[in-house]
Every structure is written in structure tokens, then in C-alpha cells.
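Examination of the molecular architecture
Below are the chains, spelled out letter by letter.
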Amino acid sequence: MLARHARPRPGPGPPLARPLPLLLLLGAVLSGPVSGHVPRSVPRTSLPSSEVDSYLTRFAVPHIYNYTVLLVDPASHTLYVGARDTIFALSLPFSGERPHRIDWMVPESHRQDCMKKGKKEDECHNFVQILTIANASHLFTCGTFAFDPKCGVIGDRGGRKTLKQRWTTFLKADLLCPGPEHGRAFSVLQDMAELQPEPGAGTPVFYGIFSSQWEGAVVSAVCAFLPQDIRTALNGPFRELKHECNRAMPVIESEVPQPRPGQCITNNRKLQQFSSSLALPDRVLTFIRDHPLMDRPVDGQPLLVTTDIAYLRVVAHRVTSLSGKEYDVLYLGTEDGHLHRAVHIGAQLSVLEDLALFPEPQPVENMKLFHGWLLVGSRSEVTQVNTTNCGRLQSCSECILAQDPVCAWSFRLDACVAHAGEHRGLVQDIESADVSSLCPREPGEHPVVFEVPVATAAHVVLPCSPSSAWASCVWHQPSGVTTLTPRRDGLEVVVTPGAMGAYACECQEGGAARVVAAYSLVSGSPRDPPSQAHTVGAGLGGFILGVLAASLTLLLIGRSQQQRRQRELLARDKVGLDLGAPPSGTTSYSQDPPSPSPEDERLPLALAKRGSGFAGFPPPFLLDPYTSPAHIRLTGAPLATCDETSI
């Protein structure tokens, strides 16, 4: 069924519960170390499926899967979806209308060929339907290619004897994506996107996704190939396989016949009395038949290399920015169902946004672009994503830092809008994203300071998670602290008497800085204020009472199940029935799981208590291997949540 989700309007929500001890952030804090730089291969922002779901549209039909073939007919604004069991026709952009289901008879010859391959009759019917729509998609795609009028396919009519009714201009060359480490190249091509601009508007670019053939960590690379790079490789030496030593060698130039094999019939060739490929000498056709592979590869320009992310699909389109400069925007589909939006800026590809498209991880099987909409096919559904959704960016700084060539900040509307070539009252900066010079100073946010009671010699990790992975963060701490270890998830502090005091994590991006997390380390000795000790003790008491109540409930349930089982056994002995046998019409049965013990229940409760955080951040946690009353009190006491808008 079709379901369209309306994005809720932003607005102030109900305030969340305040943490137990609160302080106000006063004045300036002391200087501290700077966190490490994050590469542009890491997505700047990441949104889970729950947030992405508000501005996309899903299409799925119950009990039908594998929406892997997508065909867009631009003339009728129709999307043809080839699934496992049927084919659907949807009007673009699709919303809540009922899809049109397509069925037709499969030719008997196709059905017989399919059944010879070992498939069942019903499988062959569906399989041939998918192949039919896939072939139709290929015909649509071929219609978008622009052939050189001096060459084209008109002059290539095959040979008279050799390569009869076959291509004589068919050449092959290896595509390699150079790697950054040890000169190792990525050679396994996963997908290729052709960016064909309007005639006279720019140079065509081919973007390819590569993976490594070496086993180990998951590595993906994105490379760009230009027509001149391909032309250089095709005009180079041919490769010949030496069978006696089983290795490839370049063909000596003097052994290549003339006219050069594999070239198109140009006007110069026609002046040499070669009006078409039928007039080529047999030695030229024999050579190209035996040497279709070029010796030199086509080396691409590496734009992006990622680890632990497997890219499977890529589509690209060229977008004009507010200044009139064109940028290539790429959409990369991953193996676990994420969509990365990247912009080709300078000599690198910057991944700006990561969207989790599906609640459950699944590979992205197919992607198509159509008039500002991205159509994504997967196993469970077809997802329609709006590529010009600038309204998701709520402030001037967010709009500028997003570096989306389509979006610009409007001072007149006080909103991020699609500029559509209009310049009045709009600002945008794709290259440097300088927020400090373009946006007015936004009101600063004062985060809540969390008071953390600690014991001497303990190891405390103070979390810091900025909204942007590209932000440069600085920790400010008291001057007496001596042992600090910056971590990816925060700051590790070895507690000493001089380490007590205020800590703040300040993150900067685009010239704008703000404090995103603040803490205050206080001594956790028995001389603590009575109110604080009473609050922590009440939390521990409530936790213990909850565990006891859960244990008692489980004990009663277990005893009830045991009594019911005894009654069933007595009934079986009386009437001679086998209660363990499955009922008629079934082949298996399930048994009741054993009742969990109170000890089994205590562990997830404790883990959930420790995993609770505030404002999306994990709570401060201890790394000290030595146990102490302070450790028990800190890890057992829950931290209250705070208003996410205040951090």
C-alpha cells in the first residue's frame, strides 16, 4: 500500500525532565586540547530512519518483494517497477493513488528456455516479465546517449567475412581506481553513473564505485573518469596474451596494421576510400578480433575512499548553484540501506548527509533520478526521496553548512529555500561554508551543566557529541587537571584533587562556535549535601525494589506454569493422549521457553539503566578497574534527562 507522511512543523515541544543536580554556565572557561580532524568521507550529519521517514514516500504491496527493476518513462511521467511476482506502473511523483498492475502473456519460446534452465513454470513467467522490463529499460537508456556524428554507428556495419554482422569498433580497457595506501588500486566495479550534460554545457563525466579484491575490511572508493582519459587508453598499445608464458605483453607498434583497427569511419577514412567497415582489409578485422583489449588501463581520479561502508549503487546529476557555478551531486546507496548525499567540491567528494532509508538493514538494489526525486528500489519497497527538500534546514547556519547547491538562505522569508536562479535576498557558500560572515549572529544556547560526583583516582569519560561530524571541538577544563586523554566520544579524566571544577566542550564549524556539553566534577565523599545523598539513595532504593518486584512476579509466573504442566501430564496419563505431539496438519511444535530467573532479569535492567543518556548523549561512565563505594553509587544511580533544545 502507499503511505505518505507529512513532515511535522517545527515548534517548541514540552520540556523534558531536568537532571538531578543543575548549575548555570557562568563566564568563560579555561582553555584545553583540540579534537582531531574528521575526513570528508565521514558523513557530516546522520539521520535515523525515524527522522527520515517524515519527508519521503514509500510504496509496497503486501507479500510482494524484490523491487529491484526501476524504469522511468519521462514522456508519460510513469515509473515501472519490476518486482518478483508482478510489475506495477506508478505516476511520478507517486503519492497515495492506487498502482496499476501490469500482466501479459509470456511467449512460449521464452518460457521453454527458462524451464530448460531448471526453473519452475510459475517462476519462468515472472522471471521473463522482469527480463522484458529490464530490456525495455536498456532501450530507454540507450536513447540518451549522444554519438559523435563523425563516427557513430552508421559506418560500423561489420566485416564481409571476418566479424560479419559484428562490431568492428569494439575495444576494451581496464578501469582502475587508484588507492591511497601502498599504491593498491581498486579494480572491482560495483556500479557506474554517466553524467551527460546538455550539448555545449560541459564535459561528460563517468562516476564509478569500486571495491577491493583483497579480503579483509570493507573498503569502497569513488572515482571519476573523463572522456580524454578513456580516449588516451584506447589510442594506446594493444595487449596480446603470450600463451607460452601465460602473460600479457603490449603489441609492438610496427605489428599493428593500417588503418588502425578499432577506429571509427571518419571523413578522413572516407577520403582514403574506406566508406564503411565493409571496405576494411581483412588483416585489420582479424587483428581487432584477436586484440580487443588495450594494454594500458584507464586510471580514474580518486575522489572518495571509505572504510567499513560498502557502496553498491550510484546516480549523479549536475546542479547550478546560486553563483551560477555547476556542481555534481552524487547519491550513493549502501549495502545496509543508507543513502549518502555527496557533492564534488574541488578535487574531493564530500559526503554531507547520511539517511537511513529503511527500519531494517537491506541493500539498495536500484536508484533512478527524475525531476528532483530520487527513486530507490530495495527488497521490501520503493522509496521516493525529495532531493530539493530545503525546508529540513531550520536556520541560516544549517542552510549554509549543508553545502547543498540547490538550497540558499532567504533573509526575506527567514527560511532555507530552493533558489531556482533567483538572487535577491539569498546567500549561499558551497566552497567554504563561511557561516560567520553570511549569517547574523544567532542567539547562543547555554547547555545544562551536569554535576558529576566522583572519587579520587577514578577514570571518568565526559561525552561530547556535536550535531556535525566535521565540527572541530575544544575542551575547556580547570587549570589544575594534569591527566587528560582526548577520545573520539569525549574526554577521559583521571580524577585528582586539582581536577575538580567545570568542563565544557565547545565545537566550531564555519566560523561559528557553541558549547554543546558542560559538566562539573565534584567530590563524591560522605560529606556530600544531604539532599544529594538522599536523592541518590532514593534512586538506588527504587531500583532495588523494582528488581525485587520483577523477581517475585517471575517466580509466581514460573510456579503457575509448573502447576499447569503437571495438570497436563495428569490428563495425558488419564486419557492416553500425547500432549507433546503436534496437531494434525502441522509438522513441528514449539515448547514453552524456560522461565527466566531473577538473576537473568537483573542484567538487562542494569544495562538499560547504565545506557540511559541525556540529550542524545551517553552518561559519563567510569573506567577505574578498582571497586569503591563511589563507583557503585555512580554506576547504579540513574542520570535524569534534560531538554534536548538546551544543549
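Cut-offs used in this document
Residues numbered from 1 in each chain as written. Predicted model: local features only at pLDDT ≥ 70, side-chain atom pairs only at ≥ 80, totals over all residues. Heavy atoms only, no water. Core = buried A, V, L, I, M, F, W, Y, C linked by side-chain atoms within 4.5 Å. Buried < 20%, exposed > 50% of the residue type's maximum accessible area, 1.4 Å probe, protein only. Helix = DSSP H or I, 4+ residues; strand = E, 2+ residues; numbered from the N terminus. Pairing = 2+ DSSP bridges. Axes fitted to C-alpha atoms, helices over the stretch in contact; angles between N-to-C directions. Polar contact = N/O pair within 3.5 Å; in protein donor to acceptor, adjacent residues only side chain to side chain. Contact = heavy atoms within 4.5 Å. Disulfide = S-S within 2.5 Å. Salt bridge = Lys/Arg side-chain N within 4 Å of Asp/Glu carboxyl O. pLDDT = per-residue confidence, 0-100. Arc of directions from axis to C-beta. Phe/Tyr/Trp six-rings, centres within 6.5 Å; stacked < 30°, edge-to-face > 60°. Lys NZ or Arg CZ within 6 Å of the ring centre and 35° of its normal.

We now examine the nonpolar core. Ranked by size, the top nonpolar core spans 37 residues in total, and within it Leu 339, Leu 357, Met 367, Leu 374, Val 376, Ile 400 and Cys 416 carry the most contacts. Of all the secondary-structure elements, those providing two or more residues to this core are strand S18 (311-320), strand S19 (326-334), strand S20 (338-345), strand S21 (348-356), strand S23 (373-377), helix H7 (396-401) and strand S25 (407-410). If one sorts the elements of this core by residue count, H7 sits on top with 4 residues. Counting 23 residues, the second-largest nonpolar core is a separate cluster that includes Ala 458, Ala 471, Ala 499 and Val 516.

What follows is about the sheet that holds strand S12 (residues 205-211). Reading across from one edge, S11-S12-S13-S17 is the order of the 4 strands in this open sheet, with antiparallel pairing throughout. Each of the sheet's edge strands pairs with one partner strand only, and the pair in question is strand S11 (188-195) and strand S17 (301-307). With strand direction ignored, the average angle separating the axes of adjacent strands in the sheet is 15°. Direction of pairing for S12 relative to strand S13 (residues 219-225): antiparallel, over a ladder of 6 bridges. From the neighbouring strand, Gly 208 faces S13, where its bridge partner is Cys 223.

A word on the side chain of Thr 168. In this structure, Thr 168 sits in the loop between helix H3 (121-142) and strand S9 (175-178). At 2.8 Å, the side chain of Thr 168 forms a polar contact with the side chain of Asp 156. In this view, Thr 168 contacts Asp 156, Gly 158, Gly 159, Leu 163, Gly 262, Ser 277, Leu 285 and Ile 288; residues no more than four positions away in its chain are not counted.

With that out of the way, let us pick up the environment of Ser 395. Looking at the element boundaries, Ser 395 is found in the loop between strand S24 (382-386) and H7. Relative accessible area serves as the criterion here: at 16%, Ser 395 is assigned to the buried category. Spatially, the C-alpha atoms of Ser 395 and Trp 409 are 8.2 Å apart, while their sequence positions differ by 14 residues. Here Glu 398 takes part through its backbone nitrogen, which lies 3.3 Å from a polar atom of the side chain of Ser 395.

Moving on, we come to the state of the cysteines. As enumerated under the stated definition, the model contains 6 disulfides in all. Residue Cys 473 pairs covalently with Cys 507 via a disulfide, S to S 2.2 Å. On the S-S bond that ties Cys 473 to Cys 507, the torsion sits near 100°, and the link is right-handed. In this pair, Cys 473 sits in strand S30 (residues 472-476) while Cys 507 sits in strand S33 (residues 501-509), placing the two residues 34 residues apart along the sequence. This pair shows no difference in class: Cys 473 is buried, exactly as Cys 507 is.

Tallying each qualifying case throughout the model produces 13 salt bridges. Taking the shortest distance from any N to any O, the salt bridge between Arg 239 and Asp 174 comes out at 3.6 Å. With Arg 239 in strand S14 (residues 239-242) and Asp 174 in the loop between H3 and S9, this pair connects stretches of sequence that are 65 residues apart. The closest approach of N and O atoms between Arg 341 and Asp 404, which form a salt bridge, is 3.8 Å. Of this pair, Arg 341 sits in strand S20 while Asp 404 sits in the loop between H7 and S25; the two residues are 63 residues apart in sequence, bridging distant segments of the chain.

Here the focus is the sheet that holds strand S16 (residues 298-299). Strand pairing in a sheet relies on backbone hydrogen bonds. The paired strands run either parallel or antiparallel. Read from one edge of the open sheet, 3 strands run S10-S9-S16, paired in mixed fashion. Taken across any chain shown, the strands that pair with only one partner, and hence form the sheet edges, are strand S10 (185-186) and S16. When S9 meets S10, the two strands line up antiparallel, connected through 2 bridges. Its bridge partner being in S10, Cys 177 is matched across the sheet by Phe 186.

Within the element layout of this structure, Ser 323 appears in the loop between S18 and S19. Ser 323 sits 106 residues away from Asp 429 along the chain, and the two C-alpha atoms are 8.9 Å apart. Side-chain polar atoms of Ser 323 contact the side chain of Ser 321, separated by 3.1 Å.

Before going further, it helps to examine the confidence of the model for the protein chain. In this model, the protein chain carries a mean pLDDT of 75, and residues with pLDDT of at least 70 account for 70%. The low-confidence segment residues 127-152 (pLDDT under 50) makes 34 contacts with residues lying over four places distant or belonging to another chain. Note on residues 624-647: pLDDT under 50 across the span, and 65 contacts to partners over four residues away in sequence or across chains.

In this section: helix H6 (residues 282-290). Given 3.6 residues to a turn, an α-helix orients residues that are three or four positions apart in the same direction. For H6, every residue scored as buried is listed here: Val 284, Leu 285, Phe 287 and Ile 288. Summarising the axial view, the buried residues of H6 lie within an arc of 160°, below the 170-degree limit, and thus occupy one face.

Before going further, it helps to spend a moment on the environment of Ala 471. Take Ala 471: it is sitting in the loop between strand S29 (459-463) and S30. In sequence terms Ala 471 and Ala 512 are 41 residues apart; their C-alpha atoms lie 9.9 Å from each other. Not counting chain neighbours up to four residues away, the residues in contact with Ala 471 comprise Pro 466, Cys 507, Gln 508 and Glu 509.

The next thing to look at is the packing of aromatic side chains. Centre distance and the angle of the planes are the two values used to describe a pair of aromatic rings. Counted by the stated rule, this structure contains 7 aromatic pairs. Seen in terms of ring centroids, Phe 59 and Phe 94 are 6.4 Å apart; in terms of plane orientation they differ by 65°. Their pairing is edge-to-face. Taken together, the residues span a long stretch of sequence, with Phe 59 in strand S4 (residues 56-59) and Phe 94 in the loop between strand S7 (87-91) and strand S8 (100-102) at a distance of 35 residues. The pair Phe 59 / Phe 94 is uniform in exposure class, with both members buried. Centroid distance Phe 210 to Phe 225: 5.9 Å. Interplanar angle 50°. Geometry classified as tilted. With a gap of 15 residues between them, Phe 210 in strand S12 and Phe 225 in strand S13 connect regions that are remote in the sequence. You can call Phe 225 buried: its relative accessible area is 1%. An aromatic cluster is defined as three or more aromatic residues linked by ring pairs; in this entry it consists of Phe 59, Tyr 67, Phe 88 and Phe 94. The ring of Trp 470 is capped by Arg 40, whose NZ or CZ atom sits 4.1 Å from the centre of that ring. Sitting over the ring of Tyr 65, Arg 379 keeps its end group 4.7 Å from the ring centre.

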